[in-house]
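# Coordinate inspection notes
One-letter residues, chain by chain:
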Amino acid sequence: MLIPCTAALLLTATACTGQSPGDRTTAATPARTPHSGDPVPPAQRPAALPGRAGQEEDNAQAAVARQASARDQALAAAGRWGLAARPLTAPPPPATRPELVASTNVLLHDGVPPVVYRVPTDWPVVFLTIDDGAAKDPELVRMLGDLKVPVSIFLSDYLARTDYGYFRQLQAQGAGVNNHTINHPDLRRLDAAQQRQEICGQRDRLEQELHTRPALFRPPYGEYTDTTLQTAAACDVRAIPLWTEEAFPDRIEWRYDDQRLHPGDIILTHFRDPGTDWQGTMAQMLRRVIDTATAQGFALARLDDYL
């Protein structure tokens with residue numbers, strides 16, 4: 001039975017709790033308030049801090065909710081862009097870039113940047129790279145941003161200079177920005193001074209326009225000489241990525257006969273408008289690459305994080 005709070009009870013040292021006398025236990029004298037240095041008997045110590053345990057549970061539930069929301073958003077984005085399935089999410093970038101060991105896909109020479117066709121990794125990731133900068137299709141920016149797909153771009157100034165703002169948008173979405181010379185020449189036909197003007201000159205242009213000093217360089221047409229490698233080293237190039245596949249809106253061209261992706265493959269494509277040699281749009285090209293990678297169990301990652 002509940003006992004009403006009375007004036008008499010208010011005069012006692014025990015506060016009115018609303019409990020019946022049989023439910024309430026009180027000490028004869030008030031308990032001493034312990035000092036911060038007083039030892040607490042083990043039997044009275046809590047097994048865990050309730051506040052911390054509750055916070056950890058809330059954090060875990062919030063993380064699960066965020067993951068579910070991200071999956072739902074990715075699935076919705078895949079539907080908007082007509083993908084066959086939700087793109088796979090790449091793992092976080094490695095803490096250190098993979099070690100490059102000489103092989104058919106990694107060409108090493110003393111004192112010059114490595115030439116890489118395929119990044120040595122066991123992770124199920126491939127890399128989409130986009131060259132030149134001729135077409136500046138806003139739909140590609142929207143699609144990459146909506147799907148959160150990372151790319152690396154290799155710009156030639158003579159094409160990119162008409163609108164570097166377009167490439168700033170891609171950079172703001174996380175695209176890696178890299179060097180593809182000023183004028184896109186066949187470097188085999190240039191002497192050392194001319195090659196330096198092309199490679200170092202584009203490094204300086206990208207630093208001026210996009211405030212980045214590119215560490216990756218791709219020679220036009222994939223052609224280079226020993227002088228190219230030496231010049232690239234002098235122009236602060238870390239590595240020279242070539243490619244194992246080339247993507248178009250209507251097809252993928254494969255370097256190897258099995259016509260399948262492999263961990264670390266580098267996919268080449270170009271900034272192009274529909275035309276004679278480009279049967280479709282940039283969005284259609286990206287859809288083909290993502291659907292192919294997803295169907296074969298690969299996620300797209302950013303080349304700059306691995307090379």
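What comes next concerns the included structure. Residue numbering note: each chain is counted from 1, following its sequence as written. Per-residue local features of the predicted model are confined to residues with pLDDT of at least 70, and side-chain atom pairs are confined, for both listing and counting, to 80 or more; whole-chain, interface and lining totals are unaffected and use all residues. With hydrogens and water stripped out, all remaining heavy atoms of the structure feed into the side-chain values.

### What about the layout of surface pockets?
In this approach a probe as big as a water molecule rolls over the atoms, and the regions it shows empty are the leftover space. Here is the rule we go by: Buriedness of a pocket was judged along seven lines, with at least five required to meet protein on both sides within 12 Å; pockets are open sets of points on a 1 Å grid over the protein atoms alone, cavities are sets where a 1.4 Å probe fits but cannot get out, and lining residues have an atom within 4 Å of a point. Grid points are joined across faces, edges and corners, and a volume is the space filled by probe spheres set on the points. Counting from the N terminus, the helices are the DSSP runs of H or I reaching at least four residues and the strands are the DSSP runs of E reaching at least two.
Within this model, the largest pocket holds a volume of roughly 450 Å³. Lining the largest pocket are 23 residues, with Ala74, Pro87, Thr89, Leu147 and Lys148 sitting closest to its centre. Contributing elements (two or more residues each) for the lining of the largest pocket: helix H2 (50-80), helix H3 (138-147), helix H8 (282-295) and strand E10 (299-301). Per element, the largest residue contribution to the lining of the largest pocket is 7 residues, and it comes from H2.

### Let's talk about H8
Going by this rule: Expected helix span is taken as 1.5 Å per residue step, with the number of steps being one fewer than the number of residues. Buried residues are those whose accessible area, probed at 1.4 Å on protein chains only, stays under 20% of the maximum for their type, while exposed residues exceed 50% and partly exposed ones sit between those limits. In this description, contact between two residues means that some pair of their heavy atoms is separated by no more than 4.5 Å.
Relative to the 20 Å expected for 14 residues at 1.5 Å per residue, H8 spans 20 Å between its end C-alpha atoms, a close match to the ideal helical length. For H8, every residue scored as buried is listed here: Met282, Ala283, Met285, Leu286, Val289, Ile290, Thr292, Ala293 and Thr294. Among the structural elements, strand E3 (125-132), H3, strand E7 (245-247), strand E8 (252-254), strand E9 (266-270) and E10 are those in contact with the buried residues of H8. Just downstream of H8, Gly297 is the residue with a positive phi angle, here 85°.

### Points about the pairing of strand E5 (residues 176-179)
What counts here: The rule for pairing is simple: two strands pair if DSSP sees at least two bridges between them.
The alternating pattern of E5 places Gly176 and Asn178 and Val177 and Asn179 on opposite faces, both of which are buried. Pairing geometry for strand E4 (residues 152-155) and E5, over 4 bridges, is parallel. Note on E5: the bridge partner recorded for Leu155 is Asn179.

### Describing the nonpolar core
Keep this limit in mind: The nonpolar core is taken to be a set of buried Ala, Val, Leu, Ile, Met, Phe, Trp, Tyr and Cys residues, with the residues joined through side-chain atoms within 4.5 Å.
Within the largest apolar cluster, 42 residues are counted, with the highest numbers of intra-cluster contacts made by Ile153, Leu155, Phe167, Leu170 and Phe271. Every element with two or more residues in this core is listed here: H2, E3, H3, E4, helix H5 (164-172), helix H6 (192-210) and H8. Those residues within four positions of Phe167 in sequence are excluded, and the remaining contacts are Gly133, Lys136, Ile153, Leu155, Ala160, Leu210 and Phe271.

### A look at the side chain of Ser152
In this structure, Ser152 sits in strand E4. The exposure class of Ser152 is buried, given its relative accessible area of 0%. Setting aside its immediate chain neighbours within four residues, Ser152 contacts Leu128, Thr129, Ile130, Gly176, Asn178, Arg302, Leu303 and Asp304.

### Topic: the sheet that holds strand E6 (residues 240-241)
Through backbone hydrogen bonds, the strands of a sheet pair up, either in parallel or in antiparallel fashion. Strand order in the open sheet formed by 3 strands is E1-E2-E6, with mixed pairing between adjacent strands. Every interior strand has two partners, whereas the edge strands, strand E1 (106-107) and E6, have only one. By the bridge criterion, 2 bridges tie E1 to strand E2 (residues 115-116) in an arrangement that is antiparallel. In the strand pairing of E2, Val106 is matched with Val116.

### What to know about H6
Put simply, the test is: Any pair of nitrogen or oxygen atoms within 3.5 Å is treated as a polar contact; in protein, a donor-acceptor pairing is required on top of that, and neighbouring residues in sequence qualify only through side-chain atoms on both sides.
Helix length check: H6, at 19 residues, gives a terminal C-alpha distance of 26 Å against a target of 27 Å (1.5 Å per residue), a fit within 8%. Residues Gln195, Glu198, Ile199, Cys200, Gly201, Gln202, Arg203, Leu206, Glu209 and Leu210 constitute the buried set of H6. The inward-facing, buried residues of H6 contact E4, helix H4 (157-160), H5, E5 and helix H7 (226-234). Taking the backbone nitrogen of Ala193 as reference, a side-chain oxygen 3.2 Å away marks Asp191 as the first, capping residue of H6. The first or second residue beyond H6 is His211, which carries a positive phi of 55°.

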